Amino acid sequence: MPRMTMVQAINLALHQAMERDPSVVALGQDIGVNEGVFRVTAGLHAKFGPERVIDTPLAEAAILGTAIGMAIAGLRPVAEMQFSGFSYLMLGQYEGHATRYRSRTHGQVTVPLVVRMPYGGGVRALEHHSESREVLYAHLPGSKVVIPSGPRNARALLAAAIEDPDPVVFMEPKQSYRAFREEVPAEHETMPIGRAQVVQQGTDITVISWGAMMRPTLRAVAEVAEARGASIEVIDLLTIAPLDGDTIVASVEKTGRAVVVQEAPRSFGPAAEVIARINDRALMHLEAPVRRVAMPDVMTPYFGRERLYFPGPHTVQRAIEETLDF
Amino acid sequence: MPRTRLEAFEIDHLQVLDEEGRIDEALDPGLPDERLVELYRAMVLAREADQRMLRLQRQGRLGTFSPSTGQEAASCGPTLAMTGQDWFVPAFRELGGMLMRGVPFHRVLLFWGGWEEGNVFPGLERTLPIAVIVASQIPHAAGIGYAQKLRGEKAATVCWFGDGATSEGDFHEGVNFAAVWRSPVVFICQNNQWAISTPLDRQTASATIAQKAIAYGIPGIVVDGNDPLGMYAATHEALERARRGDGPTLIEARTYRLMMHTTADDPSKYRKDDEVEQWRRRDPLVRMRRLLESRDLWDDERQQRLDAEVKKAIDDEVRIYETFDRGRPDVYFEHVYGTPHPEIERQRQEFLAGLQREARDA
């Protein structure tokens, strides 16, 4: 299997989706001739032409709004928001129509589309280019929010998102775009949306994360496992909404302890929902309070001090140790 | 270097049928008699349906709704020019057009009565339900048109919105996208002079709404929006342009909201009765009937017959609305996602248990 970065893996998924299904179109700012500011759409314009790989005017709401129209009319649009920090302009179209059409027409009109957007910090980017706001899209009924953590699952999840009958916000952790490579199968591969993945089995504690935080989390887990001989189960959420409570609950019923690691600010984030699910369904199995490691409730700092604020492996490690010792 | 004029623009106004029912022979679109009668009947049905809804609302049998009385020509005229291959993208004051399109009146009642079934049009294609968020449907039309063009369809999309919508970003963005893409879309602004309490001169400093088209590089025209034949002719021309690949058009239909914004609104707080009275004299139904009478296509007897027919049709639809099968209470859970998910299923069971506890019925 070829070894790829996440950018290459996402690009592969886009190429294959457009080859497999002539109704798939891509649209966004600078995605065509320029192949995207991160080159995620490399080669698409040359291969599929300007009518299927559409360089749009600069307007996030209309990129989604027109994509909704295309989806209603039978296309499968994959829209790109250049950065998640500009995506809030599309929130009205997303809440008002993309997530709503299936419900309001009892399934007669549906909006199968994907909105891709790079999100998160760690690349020393300009203001508005480093936030993790997945919860804004996860809170909406009818919305699916997918966040891959590596090249292979990025490719498989994007392939699934494009085939999905519902609107999917596909958030790409941009600090993982080129940070490492994985083997990615050349042939079509999907992973189920709405399902978390147990990436490491264990019996003493469950550590849950997603996106770019998976790497510091796995480093911390390896440290604790080695230092203390602890058996740690690790869950990669992969889908934020709808959240896979069953996998989380089954794991915590087994381990009795859990830590949740998120890049987003602490309050009202996905970690809070994960903990609520555990409280709802696995409280009597708990041996310790569930901890969360998160960005403080501050605006994401400019890149000069951003590294100070994102959860680091040592903080995750300490939270795991304290939860084990409770 | 002298200053030179780079571009100059003009905006046309179109009226085919005047307030008295006199037709401009040079502009007559030449519709056959039965199409003229069809157009008149559609407007009468829309008027009567609207007035029935008002009574139902006042009797507590219908929720808040947005009346379209007085604006029948601006949705019926264009709809007459459409085919089943064209997409119908309404805002919320296109009752006449929706009924012409084949949306059963009881579906409209269900929508305003508080049931999503009012957005389900069995067997009816390319007809979108009402869009409540002002201007939000405009980008959809641009995208639908794009899809039609990509597939090589010889068809177009007609999208309605109000004067207030032209202040929204979605109007600018949607029309701009359609113009850049040359999407086959006809944008119809029902300029009814009021956005709830905001008059047109507080909405825009433009002399016309149609001239906004100039900035997007597409044709714009002002039409007497109470002239059903003018609206038909302008839409017909715009549809032809769209279908042959020459892109979108913006039609400003100058009309008037004779009634309240919605039934929750009291216009006496912000506008004068004499303004309303002036517009009543430009009633689209009156001029259309006069035209038909002048061509011996209509008389009192035919009118009485139509009134009886319309009353019966509305009665029947109201009955369907009021006796419609509300289905299982948990039907809504089936339409959150297109794929089942255990969490939704769990919440459905919880909801059903809760309903039983509360002994609650919709």
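Residues numbered from 1 in each chain as written. Chains lettered and ligands numbered in written order. Predicted model: local features only at pLDDT ≥ 70, side-chain atom pairs only at ≥ 80, totals over all residues. Heavy atoms only, no water.

Residue and element names in this part refer to chain B. In the structure shown here, the tally under the stated rule is zero disulfides over all chains. Note on Cys 76: no disulfide assigned, nearest cysteine sulfur contributed by Cys 159 at a separation of 17 Å. Considering cysteine sulfurs only, Cys 159 is the nearest to Cys 189, which forms no disulfide, with 10 Å between them. (Disulfide = S-S within 2.5 Å.)

Right, let's talk about empty space enclosed by the protein for a bit. Residues and elements named next belong to chain B. For the structure on display, the rule yields two cavities of 30 Å³ or more. In this model, the largest cavity occupies a volume close to 60 Å³. If you trace the largest cavity, you find it lined by Met 53, Phe 65, Ser 66, Ser 68, Phe 92, Arg 93, Glu 94, Leu 95, Met 98, Val 108, Trp 112 and Ile 130. Put simply, the parts of the chain that give the lining of the largest cavity at least two residues each are helix 3 (95-101) and helix 4 (105-113). (1 Å grid on protein atoms, 1.4 Å probe; cavity = no way out; pocket = protein on both sides within 12 Å on 5 of 7 lines; lining within 4 Å. Points joined across faces, edges and corners; volume = space filled by probe spheres on them. Helix = DSSP H or I, 4+ residues; strand = E, 2+ residues; numbered from the N terminus.)

The next point concerns the domain arrangement of chain B. Under the domain assignment used here, chain B contains domain 1 (12-325) and domain 2 (327-362). Taken over C-alpha atoms, the centre of domain 1 of chain B sits 37 Å from the centre of domain 2 of chain B. (Domains from an automatic or database assignment.)

Turning our eyes to something else, we now look at the packing of helix 1 (residues 6-20) of chain A against helix 7 (residues 151-163) of chain A. Axes are the key here: two packed helices are described by the angle between their axes and the distance separating the axes. Residues and elements named next belong to chain A. Two elements in contact, helix 1 and helix 7, have axes whose closest approach is 8 Å; the angle formed by their N-to-C orientations is 30°. By the angle between their axes, helix 1 is roughly parallel relative to helix 7. Once helix 1 is placed against helix 7, the crossing between them reads as right-handed. Of the residues in helix 7, those touching helix 1 at Met 6, Ala 9, Ile 10, Leu 12, Ala 13, Leu 14, Gln 16, Ala 17 and Arg 20 are Pro 151, Ala 154, Arg 155, Leu 158, Ala 159, Ile 162 and Glu 163. Taken together, the residues of the contact of helix 1 with helix 7 break down into twelve nonpolar, one polar and three charged. (Axes fitted to C-alpha atoms, helices over the stretch in contact; angles between N-to-C directions. Parallel < 35°, antiparallel > 145°, perpendicular 65-115°, else oblique. Left-handed = near helix turned anticlockwise from the far one by under 90°. Contact = heavy atoms within 4.5 Å. Nonpolar A, V, L, I, M, F, W, Y, C, P; charged D, E, K, R; others polar.)

Moving on to the sheet that holds strand 7 (residues 220-224) of chain B. All names here are of chain B. Reading across from one edge, 1-7-8-4-3-2 is the order of the six strands in this open sheet, with parallel pairing throughout. At either margin of the open sheet sits one strand with a lone partner, and together these are strand 1 (12-14) and strand 2 (87-89). On average, each strand axis in the sheet is tilted by 20° relative to the strand beside it, whichever way the strands run. Of the strand pairs in this sheet, strand 4 (residues 185-191) and strand 8 (residues 249-254) are connected by six bridges, and their pairing is parallel. The residue of strand 8 that forms the bridge with Cys 189 is Glu 252. Across the sheet, helix 5 (residues 137-150) lies against strand 2, strand 3 (157-162) and strand 4, angled at about 170° from strand 3, the strand it touches most. (Pairing = 2+ DSSP bridges.)

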